[in-house]
Amino acid sequence: QQQVKQSPQSLIVQKGGISIINCAYENTAFDYFPWYQQFPGKGPALLIAIRPDVSEKKEGRFTISFNKSAKQFSLHIMDSQPGDSATYFCAAIPAGGTSYGKLTFGQGTILTVHP
Amino acid sequence: ETGVTQSPTHLIKTRGQQVTLRCSSQSGHNTVSWYQQALGQGPQFIFQYYREEENGRGNFPPRFSGLQFPNYSSELNVNALELDDSALYLCASSMTGFSEQYFGPGTRLTVT
C-alpha cells in the first residue's frame, strides 16, 4: 500500500517537445507529492511539489497535474531541453502515522532530450 | 546558505566490515533522513532523525543504525557489511519530518 508506481521507465523527446511522466499511488494517507531530478553521480534535487488540495502547480517549464480521485499525478516538462536529460522520480509522503516523514519513491524515468 | 554535505564521497569495504557515513544538514534544518539507492532504483527510506531521536524507520535490519548530534549533523552506521549493501547512500535534511527534503550528493559504498 506504500507503493508509488511510475511510468514510463524511459522517455525520448526532441528538443522543444513536451515530456510527460505519470505516477499512481494507493495509500490515501499520502499528503505531499514532490518530484526530484537526478543527474548521474548526484543526489536527487527537488524540482516541484504539490499537495492534494490543488489540482495543478506550475513553476517555469515544469507543471504538476494532480487527480485526487484517480490517485494519479504527473509531471509535464514544456519546451524540453537537452539539459533536462536526467532521471526523474516522483515521490509521496504521508502526513502522519508510522510512516511519517518517509518519502516513498517511484521507480524513476530516464529522460533523454535529443537536440 | 550551506546545502547538505556528505562524507566520504566514495568508500570500498570488505564483506563483514563496519562503515560510518556522515551528513551535515542544511542550515536551519533539524531533521535528517537517510536513504539507500541501489543502481537503477529509486531511493529507499532507511530512517529519520528529529532532534537527536529516531523518528521512523524503513524495512532495514538493526545492523543499520544512526545518530544525530546536537548540531543536527548525523551518522549512518552499517555493521557486518553484505555485498547487497553496495549502493549510493543519501542523506536528506528538512525543517520538520514532513516538509521538503533536500538531498546531499551521496556516498557511494562498494562492498567486495
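The rules behind the values
- Residues numbered from 1 in each chain as written.
- Chains lettered and ligands numbered in written order.
- Predicted model: local features only at pLDDT ≥ 70, side-chain atom pairs only at ≥ 80, totals over all residues.
- Heavy atoms only, no water.
- Pairing = 2+ DSSP bridges.
- Helix = DSSP H or I, 4+ residues; strand = E, 2+ residues; numbered from the N terminus.
- Axes fitted to C-alpha atoms, helices over the stretch in contact; angles between N-to-C directions.
- Disulfide = S-S within 2.5 Å.
- Buried < 20%, exposed > 50% of the residue type's maximum accessible area, 1.4 Å probe, protein only.
- Contact = heavy atoms within 4.5 Å.
- Buried area = accessible area lost by both parts, 1.4 Å probe.
- Salt bridge = Lys/Arg side-chain N within 4 Å of Asp/Glu carboxyl O.
- Polar contact = N/O pair within 3.5 Å; in protein donor to acceptor, adjacent residues only side chain to side chain.
- Nonpolar A, V, L, I, M, F, W, Y, C, P; charged D, E, K, R; others polar.

Draft legend 1. Quick peek at the sheet that holds strand S7 (residues 64-68) of chain B. Residues and elements named next belong to chain B. Spatial ordering of the open sheet is given by S1-S3-S8-S7, a layout of 4 strands whose pairing is antiparallel. Since the sheet does not close on itself, it has two edges, and those belong to strand S1 (5-7) and S7, each with one partner. Each neighbouring strand pair of the sheet contributes to a mean axis angle of 20°, computed without reference to strand direction. Pairing of strand S3 (residues 19-24) with strand S8 (residues 74-78) involves 5 bridges; the strand directions are antiparallel.

Draft legend 2. Structural view of the state of the cysteines. On inspection of all chains with the given rule, the structure shows 2 disulfides over all chains. Paired through a disulfide, Cys23(A) and Cys90(A) show a sulfur-sulfur distance of 1.9 Å. On the sign convention where negative is left-handed, the bridge of Cys23(A) and Cys90(A), at about -95° about the S-S bond, is left-handed. Of this pair, Cys23(A) sits in strand S3 (residues 19-25) while Cys90(A) is found in strand S9 (residues 86-94), placing the two residues 67 residues apart along the sequence. Considered together, Cys23(A) and Cys90(A) belong to a single accessibility category, that of buried residues. What pairs with Cys23(B) in a disulfide is Cys91(B), and their sulfur atoms sit 1.7 Å apart. Between Cys23(B) and Cys91(B) the disulfide shows an S-S torsion of about -50°. By sign, it is left-handed. With a gap of 68 residues between them, Cys23(B) in strand S3 and Cys91(B) in strand S9 (residues 87-94) connect regions that are remote in the sequence. Residue class for Cys23(B) comes out buried when judged on its relative accessible area of 3%.

Draft legend 3. A look at the pairing of strand S5 (residues 45-50) of chain A. All names here are of chain A. Looking at chain direction, strand S4 (residues 30-38) and S5 are connected through 5 bridges and run antiparallel. Opposite Tyr 36, over in S5, you have Leu 46 as the bridge partner. Following S4, the chain reverses through 6 residues before pairing antiparallel with S5; Gly 41 in that reversal takes a positive phi of roughly 75°.

Draft legend 4. Quick look at the side chain of Glu75(B). As for its position among the elements, Glu75(B) is in strand S8. Leave out the neighbours within four places in its chain, and Glu75(B) touches Thr20(B), Leu21(B), Arg22(B), Trp34(B), Ser65(B), Gly66(B), Leu67(B) and Phe69(B).

Draft legend 5. Fine view of unusual backbone geometry. In this model, Ser7(A) is joined to Pro8(A) through a cis peptide bond whose omega is -5°. Looking at where Pro8(A) falls in the secondary structure, it is placed in the loop between strand S1 (4-7) and strand S2 (10-14). Cis peptide bonds are those with omega within 30 degrees of zero, and the linkage from Ser7(B) to Pro8(B) qualifies with -5°. Position of Pro8(B) relative to the elements: it lies in the loop between S1 and strand S2 (10-13). Not every positive phi belongs to a glycine, and Lys71(A) is a case in point at roughly 55°. Looking at the element boundaries, Lys71(A) is found in the loop between strand S7 (62-67) and strand S8 (72-77). Of the residues examined, Lys71(A) reaches a relative accessible area of 25% and is grouped as partly exposed. Look at Ala80(B): it is not a glycine, yet its phi comes out positive at around 45°. Along the polypeptide, Ala80(B) turns up in the loop between S8 and S9.

Draft legend 6. Spotlight on the interface of chain A and chain B. Each partner contributes to the interface: chain A provides 21 residues, whereas chain B provides 20 residues. Of the roughly 1,600 Å² buried where chain A meets chain B, counting both sides, 60% is carbon and sulfur surface. In this structure, the connection of chain A to chain B is made through 0 salt bridges. Linking chain A to chain B there are 3 residue pairs in polar contact (both at pLDDT 80 or more). Listing elements by their share of the side of chain A that touches chain B, those giving two or more residues are S4 and S9 of chain A. At 4 residues, the largest contribution of residues to the side of chain A that touches chain B is made by S4(A). The class makeup of the residues in the side of chain A that touches chain B is 11 nonpolar, 6 polar and 4 charged.

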